[in-house]
Amino acid sequence: MSHPSKHCAVELQALPPRIGQVRRIVSAQLRYWHLDALIDHAALGVTELLTNVHRHAAPDKTCTVEIELLLDRLTVSVHDHDPRLPEVRDVDPFATCGRGLALVAAVSESWGVRAKGAAGKSVWFTLPTAPPPVLAPARPLRRLSEKPVHRFPEIEHALGGRRAPTAPARSTVPG
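Keep in mind it's a predicted model, so treat the numbers as computed, not measured. (Residues numbered from 1 in each chain as written. Predicted model: local features only at pLDDT ≥ 70, side-chain atom pairs only at ≥ 80, totals over all residues. Heavy atoms only, no water.)

K.L.:
Sorry, what's going on with unusual backbone geometry here?
P.N.:
Among all residues except glycine, the phi angle is most often negative; among peptide bonds, the trans geometry is most common. The residue His 34 is not glycine, and still its phi comes out positive at about 60°. Its place among the elements puts His 34 in the loop between helix 1 (16–32) and helix 2 (39–56). Positive phi is not limited to glycine here, since Leu 71 has a value of about 55°. Along the chain, Leu 71 falls in the loop between strand 2 (62–70) and strand 3 (73–80). Look at Leu 71 and you get exposed, because its relative accessible area is 56%. (Helix = DSSP H or I, 4+ residues; strand = E, 2+ residues; numbered from the N terminus. Buried < 20%, exposed > 50% of the residue type's maximum accessible area, 1.4 Å probe, protein only.)

K.L.:
Can you help me understand the nonpolar core in this one?
P.N.:
Most often, soluble globular proteins keep nonpolar side chains buried together rather than apart. Counting 30 residues, the largest nonpolar core has Val 22, Leu 30, Trp 33, Val 46, Leu 50, Leu 74 and Val 78 as its most contacted members. For this core, the secondary structure elements donating two or more residues are strand 1 (6–13), helix 1, helix 2, strand 2, strand 3, helix 3 (100–107) and strand 5 (121–128). At six residues, the largest contribution of residues to this core is made by helix 2. Not counting residues up to four positions away in its chain, the partners in contact with Trp 33 are Lys 6, His 7, Cys 8, Ile 67, Leu 69 and Leu 74. (Core = buried A, V, L, I, M, F, W, Y, C linked by side-chain atoms within 4.5 Å. Contact = heavy atoms within 4.5 Å.)

K.L.:
Honestly, the packing of helix 2 against helix 3 in this entry has me stumped. Any pointers?
P.N.:
Helices that pack against each other are described as a pair by the angle of their axes relative to one another and the distance between those axes. Closest axis-to-axis distance for the helix 2/helix 3 pair is 9 Å, and the angle between their directions is 155°. The angle between helix 2 and helix 3 places the two elements in the roughly antiparallel class. Between helix 2 and helix 3 the crossing geometry is left-handed. Residue-level inspection shows His 41, Leu 44, Gly 45, Glu 48, Leu 49 and Asn 52 of helix 2 in contact with helix 3, the latter providing Gly 100, Leu 101, Leu 103, Val 104 and Val 107. Looking at the contact of helix 2 with helix 3 residue by residue, the classes come out as six nonpolar, four polar and one charged. (Axes fitted to C-alpha atoms, helices over the stretch in contact; angles between N-to-C directions. Parallel < 35°, antiparallel > 145°, perpendicular 65-115°, else oblique. Left-handed = near helix turned anticlockwise from the far one by under 90°. Nonpolar A, V, L, I, M, F, W, Y, C, P; charged D, E, K, R; others polar.)

K.L.:
Any chance you could explain helix 2 here in plain terms?
P.N.:
An α-helix turns once per 3.6 residues; consequently, residues spaced three or four apart project the same way. In this model, helix 2 (18 residues) spans 25 Å end to end at C-alpha, consistent with the 26 Å of a helix rising 1.5 Å per residue. Ile 39, Ala 42, Ala 43, Gly 45, Val 46, Thr 47, Glu 48, Leu 49, Leu 50 and Val 53 are the residues of helix 2 that are buried. Lining the buried residues of helix 2 we find strand 1, helix 1, strand 2, strand 3, helix 3 and strand 5. (Expected span 1.5 Å × (residues − 1).)

K.L.:
I'm lost on the pattern of salt bridges in this one. Help?
P.N.:
Oppositely charged side chains can form a pair if their charged atoms are brought close together. Scanning the model with the defined rule gives four salt bridges in all. In this structure, Arg 73 engages Asp 72 in a salt bridge whose closest nitrogen and oxygen atoms are separated by 3.5 Å. The class for Asp 72 is partly exposed, based on a relative accessible area of 39%. Overall, the relative accessible area of 28% leaves Arg 73 in the partly exposed class. (Salt bridge = Lys/Arg side-chain N within 4 Å of Asp/Glu carboxyl O.)

No statement about biological role is implied by the geometric values presented.
Structure, rendered in structure tokens:
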């Protein structure tokens, strides 16, 4: 069975005003694809990758952002013309920068770099489109021979150990 992929690409100069525009484009595209739950992580990841291009890429800041939805994975990638590969570094706790790739790793399912030699590189990350299944906690089974737990022992005590008389349930809603 074949599943169609969805693809969107934007070419830009990685300058601060353009980074904000691309973040809004990615958010709008994910809304269009009904992937609203992925917007925050995708926007953070693409912002970090574009900021790396802005800060580190040479000789130019031209890059292409691609988002692709294939089966149950969204892949976001940023291609630039700088052949130098990014590195995850240990950062001083008081440093104000240098955590971009660590943030991408933290919010994504996986990430990596594809070297393209003199043509540059592509840095990418993936996000799952479906949340992992949440299993309901197992409830202990009650044996039929067990006595039911009294939920209001203070009432029974006040009635001298007798159970309160029951009345049929009534609703305040007519009908």
